[in-house]
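Here are the chains, one letter per residue:
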Protein chains: 2
Amino acid sequence: MLKDFEKSSPEEKDALNKEIKELRARLIGQQQLLREKKLPVLVLIEGWAAAGKGSLINQLISEIDPRFYNVVSPAVIPENEARYPFLYPYATAIPENGKLIFLDSGWMESTVRKTLRLEISKKEYKRRIRSVIEFERQLRDGGYLLLKIFLHIDHDEQLKRLKALSSSADTEWRVTPDDLWQHREYKKFLNAYDEFMQETGDPVEWHILDGKRKRIAVRDALKLLVTRIDEALEAGRYIGEPFEEEFPLLEMPLLKDVDLSPTISDEEYKAELKRLQDRLSELHNVIYRKKIPVILCYEGWDAAGKGGNIRRVAYPLDPRGFDVMPIASPEPHELNRQFLWRFWTRLPRTGHICIFDRTWYGRVMVERLEGFCTEKDWKRAYNEINEFERQLTDWGAVLLKFWIHIDQDTQLARFTERQNTPEKQWKITDEDWRNREKWPQYEVAVNEMLQKTSTKNAPWYIIESNDKHYARIKALKLIVEQLEKACRKHFENTFD
Amino acid sequence: MLKDFEKSSPEEKDALNKEIKELRARLIGQQQLLREKKLPVLVLIEGWAAAGKGSLINQLISEIDPRFYNVVSPAVIPENEARYPFLYPYATAIPENGKLIFLDSGWMESTVRKTLRLEISKKEYKRRIRSVIEFERQLRDGGYLLLKIFLHIDHDEQLKRLKALSSSADTEWRVTPDDLWQHREYKKFLNAYDEFMQETGDPVEWHILDGKRKRIAVRDALKLLVTRIDEALEAGRYIGEPFEEEFPLLEMPLLKDVDLSPTISDEEYKAELKRLQDRLSELHNVIYRKKIPVILCYEGWDAAGKGGNIRRVAYPLDPRGFDVMPIASPEPHELNRQFLWRFWTRLPRTGHICIFDRTWYGRVMVERLEGFCTEKDWKRAYNEINEFERQLTDWGAVLLKFWIHIDQDTQLARFTERQNTPEKQWKITDEDWRNREKWPQYEVAVNEMLQKTSTKNAPWYIIESNDKHYARIKALKLIVEQLEKACRKHFENTFD
């Protein structure tokens, strides 16, 4: 691709300026429509050092109302990004509906640099490519207009520009050792960029622009942006089609076939609780020092005992190293972004534990049943969630998912007890009773969820909770077991 | 204080355990009431290295539902905190209504360490003390229950504990060079802690607990927490009384006396616009390199021309170094915290520019007039805002506040034009017309705001905007002027 890049023929200067002016005027007209149609736009600008990415962005935004766009550059991303998954800085920076984000280099540059520096393995590189494809497709399917531009200059042009920058005291500081290294290794970078673009050209294609001829690059970028926005406005907000990817799924029983009779004696409960909590406390220390991120997901019927179960897990943990994230209905700024955004922004750092009290699975349960998203949205979500979770476990996270299970009679008994016990009345609301009436529909949704998202890397565990003590011990055992496994494992360089 | 600290007499072990158990039971009962009464609680635990702050926190939270509390420790605060004001990590971490936050050391430790390391000047130390007092009072007045505990151990006890930690391979890593330095300089720290507590004991007092006798410390801390929560629940959410602090105020004209006739010719506008934008672009570079944070505040009548004015300022700026923050009505998670929280979380980093399109002054305008807060709240806000802004300028920020001013006839003309121009109709809503009817009430509120919050360090500028071109040039001139001043100034070590 890059190696065969042809320079476009020169144009009359006046005609070019006129064209740019017209395109800008169209862009101004579009910004309001983007707002009305709630269409979010993400423009990724990648390219060579000194190719002029920054000034290209300046030219693109010059007439846009600053309330409608943001520019994000990796330099602005806090340094602690390294303690999060590789896509974290980008996934947390996506625009809300009706706004534009311009990214001054992103997931391409960070991947290529790390690869050429041999900081990530070939295997990790492949994983990243896969994550990028998934991430871009999920954005597109979630209604985002995503444009990817590569700004190209050749070896001689780069040399000329780096020399010019270095020769003035005012601009010298802009040339970093990294830039000089890239210039020395121009050929290697050329191949690596080409490879990256070839591997990530689908489903969102790349656009290569000639950075040597700046005005033409501005015109071409504007044209691309304006045309693609027009198309998107015309077509209306895109809703991606569901499709199945091949994930190795574990076999799960139907809820109705789960035996809920297991119990545990009081003495055994006490002894086991102490033993497991002591062990968990030790393991938390190891996890912290080995920088293993841990994500525990709790889902289950109302009154199944999620809260009490979580408390028994949290009790032995060092409170500086874990968080419990209660997930309620999304707030407006969350609804205005791709549905996984509010979970990306809540991920634990490496070495930390996050316990989600309800999770992203709301998409295929309450949002499905209450019609808070389209059918395509929730059907697509199984796959999107499997991808998201694979990205987390690729990062090195231990990810456990619990379905806290009870039967309808037990729920009724607990609801009634709550209703009749003054200190517990706050725990029971009219909504709980309404949800209870929808038990059969929920059962269908939960069964489908368990069947479609119990992957090898992120399995579901059904926790029989008619006896809450039994449920707590079972959850603790599973956590201890999986953490022990993770602590023993030799870790690849995924925590760079 | 510390030097005279008396050890409490020993107690029967059983009685102590029983007392702790009872206190915990009371705390469990309180958590639900805190939620219902929307009372937020912040517990700051300071103290010596190895005094047992972490394990004290563990004991305090052991029975609280993890959905109701969080533990924050400086180690968990991202490393980029240094690019924000000194209180930033704490001001952004305050709990929402109904929740508890435990801080494992905070503004005391960071101030004392920096002072003893000679990293901050005596003058900066005094500023920090003042900020701390203001911050704590604002939290209290905003309905927060704030508890400050200092966990004390003497020199010999600290030595014993550091030795014990160092002697085991499992715990050795917990002893940091900083801890050893503190131990060597025990006396200096003792004096510095004492001084800090003496200076910040009002309006929120300190509680010193004996870290040597752990169970007693747990009992005392629990008792303090439970008693104070009971008092707060009994008294109901506290709303602070307004009070005036002495701020050097600039004299401001009444709006009705502002001459709105100034205009500018087209040629002069074009020439000045270019000159000022070019200069601003240069200055942005200097600001970035000198790491000066810049905060530009826009307030003004509907249709006064804020948006267009902001665009002319943003145009020459490097988009990687500035953000425009449109401020709309607060979302639920913002309403659930002290009113300045949503501005703390939006501050620019050093070297960056943030343009606020509407600001924290909503408190004394729309929130006052629409009854979104109590009278005490908005009356108190003048002072709270002056303090907040002084904290920002103490940090080194350039802070400019513009009131974009027009008269009623001009507003009517612009509203009518918007109504009659299809591309502009989105800019005008029923709410704008309703607000227009309240012009006289707003005028009273704006006048009061201008009189009470135009401080020397953060002055208001009235921008006459009947002629929008004139207004843009005036704003740009002021920005350029103030930035030039700031760039010339020698900076103290406020950016540590």
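The present account deals with the structure reproduced in this document. Given the structure is predicted, the values throughout are model-derived calculations rather than measurements.

Moving on, we come to the overall build of chain A. Regarding its fold elements, chain A presents 19 helices and ten strands. Here the C-alpha coordinates of chain A stretch approximately 85 × 45 × 40 Å along the principal axes. Each of the 496 residues in chain A was classed as buried or not, and the buried ones make up 56%. In chain A, the proportion of contacts linking residues at least 24 apart, taken out of those at least 6 apart, comes to 85%. In the form shown here, chain A has an accessible surface area of approximately 21400 Å², with 51% of it arising from carbon and sulfur atoms. Distance between charge centres in chain A, computed from 81 positive and 83 negative side chains, equals 3 Å.

We now examine the sheet that holds strand β5 (residues 206–210) of chain A. Residue and element names in this part refer to chain A. Spatially, five strands are ordered β2-β3-β1-β4-β5 in an open sheet, and the strand pairing comes out parallel. Bordering the open sheet on either side are β2 (69–72) and β5, each of which pairs with just one other strand. Taking the axes of each pair of neighbouring strands and ignoring which way they run, one obtains an average angle of 20 degrees across the sheet.

A few words on the packing of helix α2 (residues 53–61) of chain B against helix α9 (residues 214–235) of chain B. All names here are of chain B. Contact geometry for α2 and α9: axes closest at 10 Å, N-to-C directions at 50 degrees. By the angle between their directions, the pair α2 and α9 is classed as oblique. Our pair here, α2 against α9, has a crossing hand that is right-handed. In this structure, α2 contributes L56, Q59 and L60 to the contact, and α9 contributes R215, A217, V218, A221 and L222. In the contact of α2 with α9, the residues fall into six nonpolar, one polar and one charged.

Attention now goes to the sheet that holds strand β10 (residues 460–464) of chain B. Residue and element names in this part refer to chain B. Strand order in the open sheet formed by five strands is β7-β8-β6-β9-β10, and the pairing between neighbours is parallel. Both outer strands of the open sheet, β7 (322–326) and β10, are each paired with one neighbouring strand and no more. The sheet shows a mean angle of 20 degrees between the axes of neighbouring strands, direction not considered. Where strand β6 (residues 294–300) meets strand β8 (residues 353–357), five bridges bridge the pair, whose relative direction is parallel. Paired with V294 across the two strands is I353, which belongs to β8.

Conventions and cut-offs
Residues numbered from 1 in each chain as written. Chains lettered and ligands numbered in written order. Predicted model: local features only at pLDDT ≥ 70, side-chain atom pairs only at ≥ 80, totals over all residues. Heavy atoms only, no water. Helix = DSSP H or I, 4+ residues; strand = E, 2+ residues; numbered from the N terminus. Buried < 20%, exposed > 50% of the residue type's maximum accessible area, 1.4 Å probe, protein only. Contact = heavy atoms within 4.5 Å. Areas by Shrake-Rupley, 256 points an atom, 1.4 Å probe, with all protein chains shown as cover. Lys, Arg positive; Asp, Glu negative; His and termini not counted. Charge placed at Lys NZ, Arg CZ, Asp CG, Glu CD. Pairing = 2+ DSSP bridges. Axes fitted to C-alpha atoms, helices over the stretch in contact; angles between N-to-C directions. Parallel < 35°, antiparallel > 145°, perpendicular 65-115°, else oblique. Left-handed = near helix turned anticlockwise from the far one by under 90°. Nonpolar A, V, L, I, M, F, W, Y, C, P; charged D, E, K, R; others polar.

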